[in-house]
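Understanding the architecture of this molecule
Letter by letter, the chains look like this.
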Amino acid sequence: MKRPRLRKASKRLSCHKRYKIQKKIREHHRKVRREAKKRGRKKPKKDPSVPGAAPFKEALLREAEQRRQRLEELQQKQKLDRQKELEKRRKLDAKKNAAKIEEQTEGTEPTKSEANTKEVLHKKSKKSLHSELEKVIEASDVILEVLDARDPMGCRCPQLEQAITCSGGDKKLVLVLNKIDLVPKENLEKWLDCLKKEFPTVAFKSSTLTTDRTMREHFSRKRARIDLSRNTECFGSECLLKLLQEHCRTQDKAIQVGLVGFPNVGKSSIINSIKKNRVCNAGLGRGLTKCMQVVRIDKKMKMLDSPSIVADRANSTLTLALRSIIDDGRSGSIDVVEAVDAVLNHCSKQQVMMFYSIPDFRNTEEFLTLLAQKRGMLKKGGVPDIENIAKLLLSDWTGAKISYHSQPPGSQMLPPYLTEDKIAEMQKGFNLKKLEEENNTTVQALKYPSPASSIVFQSAGMTNGKIQENKVVGEASQWESLETSEEEEEDDFMETDEQDSMAEEEEEEEEDVKEESKIGMTRKAELGKQQARQATSENKLAESGCDSSLSLSLDKSAGEDDAYDFNTDYV
Ligand SMILES: Nc1nc2c(ncn2[C@@H]2O[C@H](COP(=O)(O)OP(=O)(O)OP(=O)(O)O)[C@@H](O)[C@H]2O)c(=O)[nH]1
């Protein structure tokens with residue numbers, strides 16, 4: 001019998017068909033990969049795991065498991081912290097809204113007592129920053145006034161210098177000319193010659209990239225091949241340390257050295273450079289340091305970082321633009337666009353155009369628009385973000401990059417509070433000859449921008465600061481209570497709680513400023529009055545020198561309440 005034949009369909013294909021199918025598959029895979037890339041999702045890396053033949057495999061796996069658990073716990077903790085923070089902020093907002101609604105429903109002018117309490121609150125919050133600075137001045141034996149080498153005169157505060165030189169105690173004032181890498185060499189030498197006639201002056205270049213332990217680990221893991229030597233190198237720290245240590249030896253006691261100055265001059269960076277570690281919070285933002293921080297340098301020396309001096313509102317627009325803290329679209333009491341306008345009006349337009357690679361512009365708004373477009377800082381619908389670009393430009397001018405320089409005054413006149421005797425008193429105990437030699441070595445060691453590439457800038461002169469009078473110079477009675485434990489001070493930053501309370505205080509301050517404007521005093525009128533008051537007080541200062549009564553703070557409130565009398569408090 002014939003077996004029935006099973007007919008199986010053949011799988012054979014023509015080559016043409018087979019290649020066509022393979023091509024389709026390849027195209028499909030490519031498409032899937034492209035789409036995944038667009039969505040930014042990469043294929044998760046396969047865990048290679050520990051090979052079976054590896055010694056101590058068990059121990060390794062256990063360790064990995066423990067690490068994973070620790071990470072999870074940390075993430076959980078961070079999540080909880082974030083939630084707490086949010087809750088806190090929400091409560092604060094709710095409080096504010098409730099207060100606003102209350103005011104609206106009442107619809108009446110605040111009563112006199114309310115206004116008074118607000119005024120008191122406003123002063124209190126301002127005082128918190130002041131008092132931190134005063135603590136530093138009070139506790140210091142040597143005060144380093146940090147100046148930005150690009151505008152040294154603009155960084156000097158006559159109120160501070162006067163308070164220290166007229167203190168009658170043995171506090172010393174030393175000028176530290178920081179950021180010398182951003183000015184031409186000839187200009188730096190001129191400024192050193194000019195400043196050393198008044199106070200001992202140290203030329204300094206901070207390292208702008210000081211790393212803490214975690215950052216170092218990060219860099220070593222990433223095996224960064226970028227040359228960071230320019231940023232990490234510091235010049236002048238040896239000179240400064242030698243000067244202070246020698247002074248320490250002549251005094252035969254341990255000393256505290258306070259660093260004071262206007263925002264962003266580099267106070268924290270100097271301490272970080274000396275410690276070769278990121279022990280203080282430093283960065284581009286103005287007013288990062290909010291409270292005093294003690295850093296131990298050696299057995300006999302401690303350095304105190306301080307919050308910046310608050311610039312008086314009666315200062316010129318240019319001064320406020322560069323020396324006050326930028327907040328909420330305002331720099332001091334002026335708008336950020338006004339501030340940029342003042343800066344641009346005090347330097348060469350051609351050089352600014354070259355530096356920012358911007359074509360000719362008619363006014364500051366146009367300049368900011370062009371710059372925003374160039375840097376892609378646009379809001380919804382392609383509208384240039386003028387406010388933020390203005391803020392960015394202002395922080396450029398006090399930050400770490402732009403090279404500009406101002407000229408020292410042609411004929412050097414001593415400020416009224418400085419006499420030859422006072423100068424000699426301030427210089428006593430320092431080896432000035434050695435300081436000059438060390439400064440020369442620092443100057444020779446650095447690379448500088450050429451005069452042609454550095455923007456020429458016209459300084460507005462010294463900046464009036466607000467310093468609370470009767471606390472500035474006195475016995476260091478609170479010193480013991482202020483000092484943090486040595487282990488803590490080495491690497492601890494400001495407590496977050498403290499920062500929170502400061503932030504709340506600042507918010508209160510802002511609100512109060514708004515209230516002031518509600519009450520109806522126009523800013524221009526106020527400025528006019530303040531300038532008149534400043535002129536009269538300067539006249540007084542010129543007439544009577546140090547011994548006369550002098551108001552340190554030139555604004556209205558200070559004029560009335562904080563009038564300072566050296567006769568009663570200092571002499
Ligand atoms: N190029 C250059 N940049 C510096 C130098 N010193 C400080 N900077 C930069 O200037 C900026 C401000 O430095 P900070 O140390 O935070 O200044 P600060 O005076 O402590 O600032 P506040 O916290 O506002 O008081 C940072 O971006 C630093 O990197 C320097 O010598 N050269």
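Since the structure is predicted, the reported quantities are computational estimates derived from the model, not experimental observations.

Conventions adopted
- Residues numbered from 1 in each chain as written.
- Predicted model: local features only at pLDDT ≥ 70, side-chain atom pairs only at ≥ 80, totals over all residues.
- Heavy atoms only, no water.
- Phe/Tyr/Trp six-rings, centres within 6.5 Å; stacked < 30°, edge-to-face > 60°.
- Buried < 20%, exposed > 50% of the residue type's maximum accessible area, 1.4 Å probe, protein only.
- Helix = DSSP H or I, 4+ residues; strand = E, 2+ residues; numbered from the N terminus.
- Lys NZ or Arg CZ within 6 Å of the ring centre and 35° of its normal.
- Patch = residues over 30% accessible without salt bridge, like charges linked within 9 Å, V, L, I, M, F, W, Y side chains within 5 Å.
- Areas by Shrake-Rupley, 256 points an atom, 1.4 Å probe, with all protein chains shown as cover.
- Salt bridge = Lys/Arg side-chain N within 4 Å of Asp/Glu carboxyl O.
- Lys, Arg positive; Asp, Glu negative; His and termini not counted.
- Charge placed at Lys NZ, Arg CZ, Asp CG, Glu CD.
- Axes fitted to C-alpha atoms, helices over the stretch in contact; angles between N-to-C directions.
- Parallel < 35°, antiparallel > 145°, perpendicular 65-115°, else oblique.
- Contact = heavy atoms within 4.5 Å.
- Near = heavy atom within 4 Å.
- Polar contact = N/O pair within 3.5 Å; in protein donor to acceptor, adjacent residues only side chain to side chain.
- Nonpolar A, V, L, I, M, F, W, Y, C, P; charged D, E, K, R; others polar.
- 1 Å grid on protein atoms, 1.4 Å probe; cavity = no way out; pocket = protein on both sides within 12 Å on 5 of 7 lines; lining within 4 Å.
- Points joined across faces, edges and corners; volume = space filled by probe spheres on them.
- Left-handed = near helix turned anticlockwise from the far one by under 90°.

**Comments concerning the packing of aromatic side chains**
Under the counting rule described, the total for this entry stands at 6 aromatic pairs. Centroid distance phenylalanine 355 to tyrosine 356: 5.0 Å. Interplanar angle 85°. Geometry classified as edge-to-face. When its relative accessible area of 39% is taken as the criterion, phenylalanine 355 is described as partly exposed. Of the residues examined, tyrosine 356 reaches a relative accessible area of 3% and is grouped as buried. Measuring from ring centre to ring centre gives 5.7 Å for tyrosine 356 and phenylalanine 367, while their planes differ by 80°; the resulting arrangement is edge-to-face. Of this pair, tyrosine 356 sits in helix α12 (residues 349–356) while phenylalanine 367 sits in helix α13 (residues 364–375); the two residues are 11 residues apart in sequence, bridging distant segments of the chain. Phenylalanine 367 matches tyrosine 356 in its accessibility class, with the two residues each being buried. The ring of phenylalanine 361 carries the charged tip of lysine 349 above its face, separated from the ring centre by 4.9 Å.

**Concerning a positive patch on the surface**
There is a patch of like positive charges on the surface, built from Lys17, Lys20, Lys23, Lys24, Arg26, Arg30, Lys31, Arg33, Arg34 and Lys38. Position of lysine 20 among the secondary structure elements: in helix α1 (residues 15–38). Assessed through its relative accessible area of 51%, lysine 20 is described here as exposed.

**A closer look at a negative patch on the surface**
Residues Asp170, Glu420, Asp421 and Glu425 make up a contiguous surface patch of negative charge. Within the secondary structure, aspartate 421 sits in helix α15 (residues 420–427). Classification of aspartate 421 as exposed rests on a relative accessible area of 62%.

**Points about the packing of helix α11 (residues 336–345) against α13**
Where α11 contacts α13, the axes come no closer than 10 Å and their chain directions differ by 100°. As judged from the angle between their axes, α11 and α13 are roughly perpendicular. Residues Val337, Val340, Asp341 and Leu344 of α11 touch α13, and the partners they reach there are Thr364, Glu365, Phe367 and Leu368.

**Quick look at the site of the ligand**
In the vicinity of the ligand there are 23 residues, among which Ser206, Lys267, Ser268, Ser269 and Gly287 approach most closely. Contact distances for the ligand include 3.2 Å between an oxygen atom and a backbone N or O atom of asparagine 264. One nitrogen or oxygen atom from the side chain of serine 269 is found 2.6 Å from an oxygen atom belonging to the ligand. Summarising the interface, the protein chains cover 96% of the accessible area of the ligand, which totals 660 Å² for the free molecule. A total of 3 residues in the shell around the ligand trace back to one element, the largest contributor, which is helix α9 (residues 267–275). For the shell around the ligand, a count of residues per class yields 7 nonpolar, 11 polar and 5 charged.

**Description of empty space enclosed by the protein**
Enumeration according to the criterion identifies 4 cavities of 30 Å³ or more in this entry. Counting residues per element, the lining of the largest cavity draws most heavily on helix α8 (residues 237–251), at 4 residues. In terms of residue class, the lining of the largest cavity is built from 3 nonpolar, 1 polar and 4 charged. Taken as a whole, the second largest cavity encloses approximately 50 Å³ of empty space.

**Description of the packing of helix α5 (residues 185–195) against helix α16 (residues 432–445)**
Contact pair α5 / α16: the axes reach a minimum separation of 11 Å and the direction vectors enclose 165°. Put simply, α5 runs roughly antiparallel to α16. Between α5 and α16 the crossing geometry is right-handed. Residue-level contacts link Lys185, Leu188, Glu189 and Leu192 of α5 to Asn439, Val443 and Gln444 of α16.

**Considerations on the pattern of salt bridges**
In this structure the tally under the stated criterion is 19 salt bridges. Note that arginine 67 and glutamate 63 form a salt bridge whose closest N and O atoms lie 3.8 Å from each other. Placement of both arginine 67 and glutamate 63 in helix α2 (residues 57–106) is noted, with a separation of 4 residues, approximately one turn of the helix. Taking the relative accessible area as the measure of exposure, glutamate 63 reaches 42% and is therefore partly exposed. Where aspartate 141 meets lysine 253, a salt bridge forms, and the shortest distance between an N and an O atom there is 3.5 Å. Of this pair, aspartate 141 sits in the loop between α3 (112–139) and β1 (142–148) while lysine 253 sits in the loop between α8 and β4 (255–260); the two residues are 112 residues apart in sequence, bridging distant segments of the chain. Judged by its relative accessible area of 34%, lysine 253 falls in the partly exposed class. Through salt bridges with shared partners, one network takes in Glu65, Arg68 and Glu72.

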